[in-house]
Amino acid sequence: MKDFYDVLGVSRSASDEEIKKAYRRLARKYHPDVNPGDKKAEARFKEVSEANAVLSDKEKRAEYDRFGHTGPGAGQGGFDASNFGFGTAGGPEFDGSTGGFHVYEDLFGDLLGRSRKSGPVRGDDLGYSLRISFGDAFKGTEVPVSFSHTAACDRCHGDGSEPGSSTVTCPRCGGTGQEKIAQGPIQFAHACSQCHGTGRIIAKPCVRCGGSGSMRKQEKIRVKIPAGVDTGSKVRVAGKGNAGSMGAPAGDLFITVEVAPHKFFRREGADVYLDLPLSIREAAVGDRISIPLPDGTTTLLTVPAGTQGGQKLRLKGKGFSRLKGKGRGNLYAVIKIKVPKAPKGKAADLIKELDKVLGVDPRKGLW
């Protein structure tokens, strides 16, 4: 018979918490519900359960540490774990009437992510993709959205029963909502296959939904898209997902936004960038330039004398609204100086004369 510490993969000095974690990890891995029909996994699960039942109990562990499988309490075949009374510290409980192990509800509800008796279940969330313009993202908009989802039946209002009728106790499970199934030496409780864990049977199903309590519905709604959304932003529409069961609330509709690119604006977070071409004169002596804004209007931007190419001129608060936080981003005009292409004649002479007057060496001090 294998050493119980080796079975759980822990040292002999392992703490109670380490033993508990090791057991839960292995039980989750070898649980028969996770490995249906796998006899090796079933045997391994029983082995892990036996080891945990002893090592998770201080008195049993102390006696096992002292005598091992051949000390007091041992049968002819070795250590008899059943003599120590399974059923403590989260281990499986030995059921003498069946000769198997009954798994605790709280343990495997946690391990397998479900309870043994079903109840009201919130409806599934739904997703929807929406592409909007740069301007709509900047200002906010309201758009029509058409989608299909399950909604509570308008005849039975989600109950599943024909109006005026009632439900009866499930004859298969007697109203408990669960039935026991034996898999080898282990006995498990599952949601009843007839009432699906509710414990009740619909006597007269609704003629409109067939007893399901919900129906497929095509719906068209108008959704407000807040100013400041960006590609990847999600807008939640509460209660417009699929219908819940047994009176549980419906899920939500999540609209994922994609913002179309703009032909001359660029966005970085809440800030907006605009390439602004300037002539040599405008950059050199300064000017007031009319530029567009993301909201579709224009404004005058003061270009200081001596503005350099690549310089950013800021218009504070002219960017996007911040979805998380207060205020707005900024608009940055990125200067692009337009140099004339191969000027000739008088234009070339004037540029040369200007260069002499200014007496500027653009490479002075660089090398």
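Residues numbered from 1 in each chain as written. Predicted model: local features only at pLDDT ≥ 70, side-chain atom pairs only at ≥ 80, totals over all residues. Heavy atoms only, no water.

Student: What is the right way to read the overall build of the protein chain from this model?
Tutor: On a plain count of helices and strands, the protein chain comes out with 8 helices and 19 strands. Scored against the burial criterion, the 367 residues of the protein chain give a buried share of 37%. In the protein chain, once contacts between residues fewer than 6 apart in sequence are set aside, the share between residues at least 24 apart is 62%. Carbon together with sulfur atoms contributes 51% to the accessible area of the protein chain, which is approximately 21,400 Å² in total. (Helix = DSSP H or I, 4+ residues; strand = E, 2+ residues; numbered from the N terminus. Buried < 20%, exposed > 50% of the residue type's maximum accessible area, 1.4 Å probe, protein only. Contact = heavy atoms within 4.5 Å. Areas by Shrake-Rupley, 256 points an atom, 1.4 Å probe, with all protein chains shown as cover.)

Student: I would appreciate a short explanation of the sheet that holds strand 13 (residues 253-259) in the present structure.
Tutor: Within a sheet, adjacent strands bond to each other through the backbone by hydrogen bonds, running parallel or antiparallel. Strand order in the open sheet formed by 3 strands is 5-13-12, and the pairing between neighbours is mixed. Two strands close off the open sheet at either side, each with one partner strand: strand 5 (126-132) and strand 12 (234-237). When the angles between neighbouring strand axes are averaged without regard to direction, this sheet yields 25°. Across 4 bridges, strand 12 lies against strand 13 in antiparallel orientation. Looking across to strand 13, one finds that Val-237 is bridged to Leu-253. (Pairing = 2+ DSSP bridges. Axes fitted to C-alpha atoms, helices over the stretch in contact; angles between N-to-C directions.)

Student: When you look at the nonpolar core in this model, what are you seeing that I'm missing?
Tutor: As a rule of thumb, nonpolar side chains are buried together in soluble globular proteins. If you look at the biggest cluster of nonpolar residues, it comprises 36 residues, and the most contacted ones within it are Ile-132, Val-223, Ile-225, Ile-255, Leu-276, Ile-291 and Leu-331. If sequence neighbours within four positions are ignored, Ile-132 has contacts with Ala-137, Ile-225, Val-229, Val-257, Glu-258, Val-259 and Ala-260. By size, the runner-up hydrophobic cluster in this structure holds 19 residues, among which are Leu-8, Ala-14, Tyr-23 and Ala-41. (Core = buried A, V, L, I, M, F, W, Y, C linked by side-chain atoms within 4.5 Å.)

Student: Teacher, can you tell me more about helix 4 (residues 58-67) here?
Tutor: Residues three or four positions apart in an α-helix share a direction because the helix packs 3.6 residues into each turn. Among the residues of helix 4, those classed as buried are Lys-60, Arg-61 and Tyr-64. All buried residues of helix 4 fall inside an arc of 95° around its axis, so they share one side. Exposed side chains of helix 4 directed beyond 90 degrees from the buried face belong to Lys-58, Glu-59 and Arg-66. By the N-cap criterion, in which a side-chain oxygen at the helix start approaches the backbone nitrogen of a residue two or three places on, helix 4 is capped by Asp-57, the distance to Glu-59 being 3.1 Å. (Arc of directions from axis to C-beta. Polar contact = N/O pair within 3.5 Å; in protein donor to acceptor, adjacent residues only side chain to side chain.)

Student: Looking at this structure, I do not really get the pairing of strand 16 (residues 287-292). What am I missing?
Tutor: Regular strands have side chains that alternate between both faces of the sheet. With 6 bridges joining them, strand 16 and strand 17 (residues 298-303) adopt antiparallel strand pairing. In the sheet register, Ile-289 faces strand 17, and the bridge partner there is Leu-301. Hairpin connection of strand 16 to strand 17: 5 residues between the antiparallel strands, including Gly-296 at a positive phi of 95°.

Student: Would you mind going over the environment of Gln-178 with me for this structure?
Tutor: With respect to the helices, strands and loops of the structure, Gln-178 is situated in strand 8 (residues 178-183). Note on Gln-178: relative accessible area 23%, which makes it partly exposed. With 15 residues separating them in the primary sequence, Gln-178 and Ser-193 have C-alpha atoms 8.2 Å apart.

Student: I'm lost on the packing of aromatic side chains in this one. Help?
Tutor: Each aromatic ring pair is characterised by the separation of its centres together with the angle its planes make. The full count for this structure, using the stated rule, is 7 aromatic pairs. Ring geometry for Phe-134 and Phe-320: centres 5.3 Å apart, planes at 85°, overall edge-to-face. On the criterion of sequence distance, the pair formed by Phe-134 in helix 6 (residues 134-139) and Phe-320 in the loop between strand 18 (312-315) and strand 19 (331-338) is long-range, its members being 186 residues apart. Accessibility assignment for this pair places Phe-134 and Phe-320 in one class, buried. Aromatic pair Tyr-273 and Tyr-332: ring centres 5.2 Å apart, planes at 20°, arrangement stacked. A residue pair is termed long-range when its members are at least 10 positions apart, and Tyr-273 in strand 15 (residues 271-279) and Tyr-332 in strand 19 qualify at 59 residues. Three or more aromatic residues link up through ring pairs in this structure, and these residues are Phe-134, Phe-138, Phe-264, Phe-265 and Phe-320. (Phe/Tyr/Trp six-rings, centres within 6.5 Å; stacked < 30°, edge-to-face > 60°.)

Student: How do you make sense of the packing of helix 2 (residues 16-30) against helix 3 (residues 39-55) when you look at a structure like this?
Tutor: Describing two packed helices takes the angle between their axes plus the distance from one axis to the other. Interhelical geometry of helix 2 versus helix 3 gives an angle of 160° and a closest axis separation of 9 Å. Classified by the angle between their axes, helix 2 and helix 3 sit roughly antiparallel to one another. Like other packed secondary-structure pairs, helix 2 and helix 3 cross with a definite hand, here left-handed. Across from Ile-19, Tyr-23, Leu-26, Ala-27 and Tyr-30 in helix 2, the residues of helix 3 making contact are Ala-41, Arg-44, Phe-45, Val-48, Ser-49, Asn-52 and Leu-55. Among the residues making up the contact of helix 2 with helix 3, the classes are represented as 9 nonpolar, 2 polar and 1 charged. (Parallel < 35°, antiparallel > 145°, perpendicular 65-115°, else oblique. Left-handed = near helix turned anticlockwise from the far one by under 90°. Nonpolar A, V, L, I, M, F, W, Y, C, P; charged D, E, K, R; others polar.)

Student: Help me understand the pattern of salt bridges in this model?
Tutor: Where charged atoms of side chains with opposite charge meet at close range, the side chains can pair. Within this structure, the stated rule accounts for 18 salt bridges. Note that Arg-122 and Asp-252 form a salt bridge whose closest N and O atoms lie 3.1 Å from each other. Residue Arg-122 is located in the loop between helix 5 (105-112) and strand 5, and its partner Asp-252 is located in the loop between strand 12 and strand 13; the two are separated by 130 residues in the primary sequence. The closest approach of N and O atoms between Arg-267 and Asp-230, which form a salt bridge, is 3.7 Å. (Salt bridge = Lys/Arg side-chain N within 4 Å of Asp/Glu carboxyl O.)

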